[in-house]
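# Reading the structure
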Protein chains: 2
Amino acid sequence: MGKQRFLVIGGGPAGLSAALDLHDAGMDVELVEKESFLGGTPKKLHYSLIAPDLKPVEEVLDPLIKKVEGAGISRKLNTTVSSATIRDGVVTVKYASSDGKQAGGGDFDAVILATGFTHWDPHKKYEYGYGLYPDVIDFKDFEAMLSSDRLERPSDGKMPKRIGWLLCVGSRDRQVGKFYCCRLGCAVSIKQAMEVKKRHPEIDTYVYYMDIRTYGFWEDQLYWKSMEEYNVKFIRGRIGAISRGENGSLIAMAEDTILQRPSEVPFDMLILTTGMEASSGTVEMAKLFGVDIEEHGFVKPLQADSMPVHTNVDSVFVAGTATGPKAIPDAITEGSAAAMKAMNFVRRKVPLVA
Amino acid sequence: MGKQRFLVIGGGPAGLSAALDLHDAGMDVELVEKESFLGGTPKKLHYSLIAPDLKPVEEVLDPLIKKVEGAGISRKLNTTVSSATIRDGVVTVKYASSDGKQAGGGDFDAVILATGFTHWDPHKKYEYGYGLYPDVIDFKDFEAMLSSDRLERPSDGKMPKRIGWLLCVGSRDRQVGKFYCCRLGCAVSIKQAMEVKKRHPEIDTYVYYMDIRTYGFWEDQLYWKSMEEYNVKFIRGRIGAISRGENGSLIAMAEDTILQRPSEVPFDMLILTTGMEASSGTVEMAKLFGVDIEEHGFVKPLQADSMPVHTNVDSVFVAGTATGPKAIPDAITEGSAAAMKAMNFVRRKVPLVA
C-alpha cells in the first residue's frame, strides 16, 4: 500500500488550510482549483481589508498560499473534477481543464470539498436598479474599488459626497427566496464605511440596516468604532426602492422604523450589500460525490452541531463556505478540522458515531 | 524518545474534541478537568436544548464524552494545573487536586488550553434587581428549569402567564464595562421562548432586544420560526430598570425605540440573558503558561484572522471559548483544529510563519 492520498477541491482559505495541514502531517495531497490562481473568492474579487483587524487580504492569505506553493503540494490550476466514483474506500476522480478537455485524474483515500460560495446577484432585486443606475454598486465591486484606492462615482468619475449602504440585499428577504442571514454583510459594510471615512473624512456615510449583527468582538472593534471614531451614521429601515433624483443623484426610499416616517434621502452612490449563496462548484461537486444539500442550498454537514466537517458520504469531508456563510478565519479553522477528520478517518477508519 | 504526549486542559466541548482527535491520530493524550465530570459548562449548568436543531445537550455531547472515556484516554478529574514550565520544547506541569493537594504531574510535548468561559454575574446590573426579586432569573437558571421540565415562578411556585427576556445583560453595555456581544444570547433566548411556547402555548413571551443577532441559518431556523410558528413577540428597546408591580408582578421599564415611547409592562417572570466572559480557569492558565490576554479579557490568539488556535507561546495552543464567546459546534471545530496544529507543531516543528 502506498502513501495515503488526499484530494482537496478548492484553493480558497478553507482548501489552502486543509491542504497545508495534511501536508504538514506527512500526507500526500493534491489541490485542485478551477481558477488560474490560489486564494479563492477573496483574491478573485480583490477584497480590500479584512475585519476586524483591517489587515489587507494579502497579508492574511499570501502566507498560506506561499506555504502551499513552497511545500511542494501537487497543485492543479484551471482544473475541475469531472467525474467521481467511490469504491472500497478508494475515491477515483477524473479532471477536466478549463477548456473542457480531459486532464487526467487519480485515486485518493479521502476528499475535502472546499468549493466555496458566490455573492447573490443583485439584478434580481429589480427595485434597486442595479445594472440600470451606474452609481448603484455591488459591495464586492466597491471592495475592489477600495483595493485599487479609486473612489469615484462610476457615472461621471467624480468623488461622491454622500454614500449609502443597503444591508441584506438577497438576505433575510422572503421576496427573493433568501431567508438566511449572510453573517458578514454588517461587518464588511461597516468596515467599508470606515475605509471611506479614513481616506475622505468629508464624505457622509449612511448604513441602512434592520439589525446590526456585529457579533462577538466586532461590536466594539467595528460598530462602536465606526460611530465614535469615524462618524459613520446608521439608519434603521429597509430601502423599499431606489429612484432617480435630480442632478444625477439617487433617492433611497425607506421607512425609517425608528423615526416612524417615510424617509427619502439623496445619495451620490449606493452600495448593495449582497448575500452569499452556494457556488456553482459547490452544487456540482455535491452532486458528483452524492453529498446531501440542506434547505438553503449549501452542503449539509452530517450533524451540524457536532460533525460540521463530515458529510453523509464516507471519505468525503467539507470545509468553509460550502456549508454556509462564514468569515475567513472560520473557514481557515474548518479547513484544519476537516484535514484532521479526514486523516483520522483514513488512518484508522475511525467510526463516525460512538 | 517516547511517544509524543499532549495535555488538554478542560473537558468541555473544545477539550473533548481536541483530546479525541489527538488520540485517534495515535497520540498519547492526557485530559485534565477541574470538575468531577466531563462536558464543561453545558453539562455543569444543565443546558436544555441546543440551537438550532433543538437537540438535547446530551445528544450532542454524550457521544463525545463516551468516546473519550471508551478510548482509554488518560483523564484526571477534580484536577487543576498548579505550575507549568516550558524548556527545550518540553512542557512540565504539576497538578493539584480539588482540595488543593499536590497530585502528580507530567511532561508533555504540547498543551491545548480549552478552559472555557463563565456567564457574567447579573448582580452587577443592580437596577434589574437580580437577587432581590426572586422572579428575576438568570437565563442559565432558566435553562436548568427547562431541562428539568419545571416551569414555575420561584416566588410562589405558580405557572407564569407572561415571561420576558432581557437580552444583552452584561453585553454591549459600556455602563458595566462589557463592550462586546456574547454571540449567543439572542439565539438561546429565542430558543428558550420557543421551548416555553411549545409546552405552554398560553404563556405570553416577549423578547426585549437592541438588535436580533440570529446570524446565518439561525435567522429562519430560530427568529422567523419563533414568530411564525410560536408567536413569540419582540420589542425593540433596552430595559432601563425593573420595579415591583402589584400582586407580585414585575414591571419592565423600557423606552420602546420603535414606538418611540416609554413602555411599562407587567411580567410574572423576567429572564436576564447574561453575557459571557473568560472563566477564572482561562485567566489562571493564561498566566501560568505566559499566554497573552486580549482587550476583552480572553486568551489572545497569535493572529485572530489566520492563526486562531495558536498562542504567543510555542507548544501552547488554544480552543473554544477561552478565546471568546462561541457556539458549541464552533468550539468542537476549534478543538479539532487545535489538535491538528499541535500535532503538526510537535511532529515537524512546523514553523508558524512562512
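These numbers come from a predicted model, not from an experiment. (Residues numbered from 1 in each chain as written. Chains lettered and ligands numbered in written order. Predicted model: local features only at pLDDT ≥ 70, side-chain atom pairs only at ≥ 80, totals over all residues. Heavy atoms only, no water.)

### Here's the deal with the sheet that holds strand S11 (residues 136-138) of chain A
Residues and elements named next belong to chain A. Strand order in the open sheet formed by five strands is S11-S18-S12-S13-S14, and the pairing between neighbours is parallel. Edge positions in the sheet fall to S11 and strand S14 (233-236), since each of these pairs with one other strand and no more. Across this sheet, the average inter-strand angle for adjacent strands is 25°, counted without regard to direction. Relative to strand S13 (residues 204-209), strand S12 (residues 162-169) is paired through five bridges, and the arrangement is parallel. Note that in S13 the partner of Leu166 across the bridge is Tyr208. Against the sheet, helix H4 (residues 139-147) contacts S11, S12 and strand S18 (269-274), and its axis sits at roughly 85° relative to S11. (Pairing = 2+ DSSP bridges. Helix = DSSP H or I, 4+ residues; strand = E, 2+ residues; numbered from the N terminus. Axes fitted to C-alpha atoms, helices over the stretch in contact; angles between N-to-C directions. Contact = heavy atoms within 4.5 Å.)

### As for the relation of the copies chain A and chain B
For these two chains of identical sequence, chain A goes onto chain B by a turn of 180° and a shift of 0.0 Å along the axis, with RMSD 0.0 Å. As the rotation angle and translation indicate, the two copies are arranged about a two-fold axis. A symmetric contact is evident, with 100% of the interface residues of chain A recurring at the interface of chain B. (Least-squares fit on C-alpha atoms with pLDDT ≥ 70 in both.)

### A short note on the sheet that holds strand S7 (residues 90-97) of chain A
Residue and element names in this part refer to chain A. Taken together, three strands build an open sheet; the order of strands is S6-S7-S8 and the sheet is antiparallel. A strand with exactly one partner marks an edge of an open sheet, and here the two such strands are strand S6 (79-87) and strand S8 (102-108). This sheet shows a mean twist of 20° between the axes of neighbouring strands, independent of strand direction. In this structure, S6 lies alongside S7, joined through eight bridges in antiparallel fashion. Each residue of the ladder has a partner; that of Thr79, found in S7, is Ser97. Contacts between helix H7 (residues 280-289) and the sheet are confined to S6 and S7, with S6 contributing the most and set at about 25° to the helix.

### Some thoughts on unusual backbone geometry
Of note in this structure, A:Asn78 is not a glycine but carries a positive phi near 50°. Within the element layout of this structure, A:Asn78 appears in the loop between strand S5 (74-76) and S6. A relative accessible area of 32% means that A:Asn78 is categorised as partly exposed. The backbone phi angle of B:Arg183 is positive, close to 70°, even though this residue is not glycine. Its location among the elements puts B:Arg183 in the loop between strand S12 (162-169) and helix H5 (185-199). For B:Arg183, a relative accessible area of 16% puts it in the buried group. (Buried < 20%, exposed > 50% of the residue type's maximum accessible area, 1.4 Å probe, protein only.)

### A look at the packing of aromatic side chains
By the definition in use, this model includes 23 aromatic pairs over all chains. Aromatic side chains A:Tyr215 and A:Trp218 sit 5.0 Å apart centroid to centroid with 35° between the ring planes, which places their arrangement in the tilted category. Residue A:Tyr215 shares its accessibility class with A:Trp218, and that shared class is buried. Cluster of aromatic residues (ring-pair linked, three or more members): A:Tyr215, A:Trp218, B:Tyr215 and B:Trp218. Its end group placed over the ring of A:Tyr128, A:Lys125 keeps NZ or CZ at 5.7 Å from the ring centre. (Phe/Tyr/Trp six-rings, centres within 6.5 Å; stacked < 30°, edge-to-face > 60°. Lys NZ or Arg CZ within 6 Å of the ring centre and 35° of its normal.)

### Some words on the environment of B:Ala319
Residue and element names in this part refer to chain B. When you line up the elements, Ala319 lands in the loop between strand S20 (316-318) and helix H8 (328-348). The class for Ala319 is buried, based on a relative accessible area of 1%. In this structure the C-alpha to C-alpha distance between Ala319 and Val309, which are ten residues apart in sequence, comes to 5.8 Å. Setting aside chain neighbours within four positions, we find Ala319 in contact with Ala14, Ile112, Leu113, Ala114, Glu334, Gly335 and Ala338.

### A short note on the interface of chain A and chain B
Facing the 67 residues of chain A at the interface are 67 residues of chain B. Carbon and sulfur atoms supply 54% of the area buried between chain A and chain B, which totals about 5,500 Å² over both sides. On the chain A side of the interface with chain B, the three residues burying the most area are A:Phe217, A:Asp305 and A:Met340, jointly 13% of the side's total. Seen at the junction of chain A and chain B, the total is ten salt bridges. (Buried area = accessible area lost by both parts, 1.4 Å probe. Salt bridge = Lys/Arg side-chain N within 4 Å of Asp/Glu carboxyl O.)

### Remarks on the packing of helix H4 (residues 139-147) of chain B against H5(B)
Residues and elements named next belong to chain B. The interhelical angle for the contact between H4 and H5, taken along N-to-C directions, is 35°, at an axis separation of 11 Å. Note that H4 runs across H5; the crossing there is left-handed. From H4, Phe139, Phe142, Glu143 and Leu146 reach across to H5, where they touch Val188, Ser189, Lys191, Gln192, Glu195, Val196 and Arg199. Split by residue class, the contact of H4 with H5 holds five nonpolar, two polar and four charged. (Left-handed = near helix turned anticlockwise from the far one by under 90°. Nonpolar A, V, L, I, M, F, W, Y, C, P; charged D, E, K, R; others polar.)

### Some points on H7(A)
Each full turn of the α-helix corresponds to 3.6 residues, which orients residues three or four apart in the same direction. Residue and element names in this part refer to chain A. Among the residues of H7, those classed as buried are Gly281, Thr282, Met285, Ala286 and Phe289. Projected down its long axis, H7 shows its buried positions confined to an angular sector of 130°, all on one face. Buried residues in H7 make contact with strand S1 (5-9), S6, S7, strand S9 (110-113), strand S19 (276-278) and strand S20 (316-318). Two residues or fewer after H7 comes Gly290, characterised by a positive phi angle close to 70°. (Arc of directions from axis to C-beta.)

### Considering the side chain of B:Glu294
Structurally, the position occupied by B:Glu294 is in the loop between helix H7 (280-289) and S20. An unpaired buried charge is present at B:Glu294: no salt bridge exists, and B:Lys300, the closest side chain of opposite charge, is 7.9 Å distant. Within the local environment of B:Glu294, its side chain forms a polar contact with the side chain of B:His296, the two groups lying 2.6 Å apart. Sequence-distant contacts of B:Glu294, defined by excluding residues within four places in its chain, comprise A:Phe217, B:Val299 and B:Lys300. (Lys, Arg positive; Asp, Glu negative; His and termini not counted. Polar contact = N/O pair within 3.5 Å; in protein donor to acceptor, adjacent residues only side chain to side chain.)

### Digging into the domain arrangement of chain A
All names here are of chain A. Parsing chain A into structural domains produces domain 1 (5-118 + 277-348) and domain 2 (121-274). In this assembly, 15 residues from domain 1 lie in contact with 20 residues from domain 2. Taken together, both faces of the contact between domain 1 and domain 2 bury some 1,500 Å²; the carbon and sulfur share is 63%. Remark: the boundary between domain 1 and domain 2 carries one salt bridge. Salt-bridge contacts for Lys178 lead to Glu277; the nearest nitrogen and oxygen are separated by 2.9 Å. (Domains from an automatic or database assignment.)

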